[in-house]
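What the coordinates show
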Amino acid sequence: MNAIGYVAVAGQVMAVVIGAPLLTGWMRQVRARLEGRAGPGPLQPWRDVRKLLRKEPITPVGTGPAFRAAPALLVATTVVAAALVPLLSTDTPVSAHADLIVVVALIALGTLALALAGLDTGTAFGGMGASREMTVASLVEPTLLLSVFALSIPAGTTNIPAIVSSAAHAPARLASPAGLLAIAALAVAILAETGRIPVDNPSTHLELTMIHEAMVLEYAGPDLALVELGAQMRLTLLLGLLSSLFAPWGIATSASWAALAVALALLAAKVLLLGAVLAAAEVFWAKVRLFRVPELLAGSFLLALLAVTASYFLNGAA
Amino acid sequence: MGLLRRIRTAGRVAEPAPPRPDEQVPQKARQLAGSAQVRCVDAGSCNGCEIEIAAAFNPVYDAERYGARLVASPRHADVALVTGPVTRNMAEPLRRTVAAMGEPRLVVAVGDCAIDCGEFAGGHGVEGAVADVVPVDLTVPGCPPEPAAIVAALRRVTGR
């Protein structure tokens, strides 16, 4: 039983690490096809990472430990979060520690490390990107917490595997007003946290409109490979978390090899579907002006607050 | 909804990929193995070449399908596309841009002006051709070069 649990944790980490560049490649390919392009194929991000790892490492003059530690810290926090979040199984040796607050704090730690690295470069765009990222993060983290709280109230715990397994046994709960409001709030928060349109444009070349890209302008070679891999892993992890919380079907709730294999196939299908929907939506949306971003995020926070309120009152009545 | 209909009726606008250029792949480009991040440097061009570079990355020519991608920082780049005769004011920024790129790096001189100053040879503000300022690995002749020629040069770099 224990062996299966450890395999499930290793499987979650491997799925996020190996799957992240493939998800990004898949999303770029979907987008390219909708734009009438041929597209470079879903393996292109892996080629980029391989090339970057072979390139010469560069440490810009005047940068300190914050700049050097950030890429490793970003990937490490995401790996730990991927081990904790119930992507494949809710019954793992670490599931007792997979508290909601721990996971959100790990994600915030990665964001903070990158923002400090942006400040450490001492360039105008690095500082600007860091300041914008912290503005967005300060609005996003409470929304992430609150929207999952809405689901944790009926489950009676903030332990994510417990929330997921209780939702898997009572799926009607997800279609309640609280569940639907929480989905909308969490989806907007994830778009902002991973720097996608409409909050940030990951493929922009204009420094003045950048948020995430502006902080990493000075990275090169293997460090850049880690930063890009980390950003892709965060997207995969958060889309996986979204699918686990709101479509928990197929996640292994007991220790069995067959359940684990089914869970892996369903996780891949769910995340690829979410990625395709996100990529298609990005073709139709434009980036909102930076000064409108707080309005969007305040709106999503409000939805999360309503979700918690609805969850509390509707459950109290029942 | 209008956009959705346009997407459906337009379908695929990318032209079929021409055969891979058979000129030799530069030695340094082999290490890139199918992925090249590109940084454009306008060293004093009339912007004719810039229009053609933009066209090379549009959906019709779609240079991205061969693994080339435009990036915002020379630190992220493997290839510098340099256009125009190098003016006195751009000589030092060009040297610094190329120095900021990690090895292996390639410099591609795009257009006649970048190769031999073209129309602007002998002008009082002109420092020289690109090769007089930084080492050049590939050249794309033409005034301006066709997008297909720029794509062919990028394919020699990515090897796809």
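Residues numbered from 1 in each chain as written. Chains lettered and ligands numbered in written order. Predicted model: local features only at pLDDT ≥ 70, side-chain atom pairs only at ≥ 80, totals over all residues. Heavy atoms only, no water.

**Description of a nonpolar patch on the surface**
Residue and element names in this part refer to chain A. Together, L73, L109, L112, L116, L119 and M134 make up a nonpolar patch on the protein surface, roughly 490 Å² of accessible area in all. Tracing the sequence through the fold places L119 in helix α4 (residues 100–120). For L119, a relative accessible area of 54% translates into the label exposed. (Patch = residues over 30% accessible without salt bridge, like charges linked within 9 Å, V, L, I, M, F, W, Y side chains within 5 Å. Areas by Shrake-Rupley, 256 points an atom, 1.4 Å probe, with all protein chains shown as cover. Salt bridge = Lys/Arg side-chain N within 4 Å of Asp/Glu carboxyl O. Helix = DSSP H or I, 4+ residues; strand = E, 2+ residues; numbered from the N terminus. Buried < 20%, exposed > 50% of the residue type's maximum accessible area, 1.4 Å probe, protein only.)

**With respect to the UniProt feature "transmembrane region" (unreviewed entry) in chain A**
Residues and elements named next belong to chain A. Mapped onto this numbering, the UniProt entry gives "transmembrane region" (unreviewed entry) at residues 6–27, 69–88, 100–122, 134–154, 174–192, 235–251, 257–284 and 296–314. Summarising residues 134–154: 100% helix, 0% strand, and an end-to-end C-alpha distance of 32 Å. Within residues 257–284, the helical portion is 100% and the strand portion 0%, while the C-alpha atoms at the span's ends are 41 Å from each other. (UniProt positions renumbered as here; feature names shortened; annotations may be inferred.)

**Describing the packing of aromatic side chains**
Describing an aromatic ring pair means giving the distance of the ring centres and the angle of the ring planes. Residues and elements named next belong to chain A. Considering all chains together, one arrives at two aromatic pairs over all chains under this definition. With a centroid separation of 4.2 Å and an interplanar angle of 5 degrees, the aromatic rings of F67 and Y219 are classed as stacked. With F67 in helix α3 (residues 65–84) and Y219 in the loop between α8 (212–215) and α9 (221–246), this residue pair connects regions lying 152 residues apart in the sequence. By relative accessible area, Y219 is classed as buried at 0%. Ring centres of Y312 and F313 lie 5.5 Å apart, and the angle between their planes is 80 degrees; this geometry places the pair in the edge-to-face category. (Phe/Tyr/Trp six-rings, centres within 6.5 Å; stacked < 30°, edge-to-face > 60°.)

**A short note on the pairing of strand β5 (residues 106–110) of chain B**
All names here are of chain B. The buried fraction of β5 is high, at five of five residues. Across the two faces of β5 the burial is the same, with L106, V108 and V110 and V107 and A109 all buried. Here strand β3 (residues 79–83) pairs with β5 via five bridges, running parallel. Pairing of L81 across the sheet is with V108, part of β5. Strand direction decides the pairing type here: β5 and strand β7 (residues 138–140), joined by three bridges, are parallel. Counterpart to V108 in the pairing with β7 is L138. (Pairing = 2+ DSSP bridges.)

**Thoughts on the interface of chain B and chain A**
Residue-level contacts link 37 residues of chain B with 31 residues of chain A. Of the roughly 2,700 Å² buried between chain B and chain A, counting both surfaces, carbon and sulfur atoms make up 49%. On the chain B side of the contact with chain A, A72, R75 and H76 of chain B bury the most area, a combined 23% of that side's loss. Linking chain B with chain A are five salt bridges. Elements represented by at least two residues in the side of chain B that touches chain A include exactly α1 (2–10), β1 (36–42) and β2 (68–70) of chain B. A class-by-class count of the residues in the side of chain B that touches chain A yields 17 nonpolar, ten polar and ten charged. (Contact = heavy atoms within 4.5 Å. Buried area = accessible area lost by both parts, 1.4 Å probe. Nonpolar A, V, L, I, M, F, W, Y, C, P; charged D, E, K, R; others polar.)

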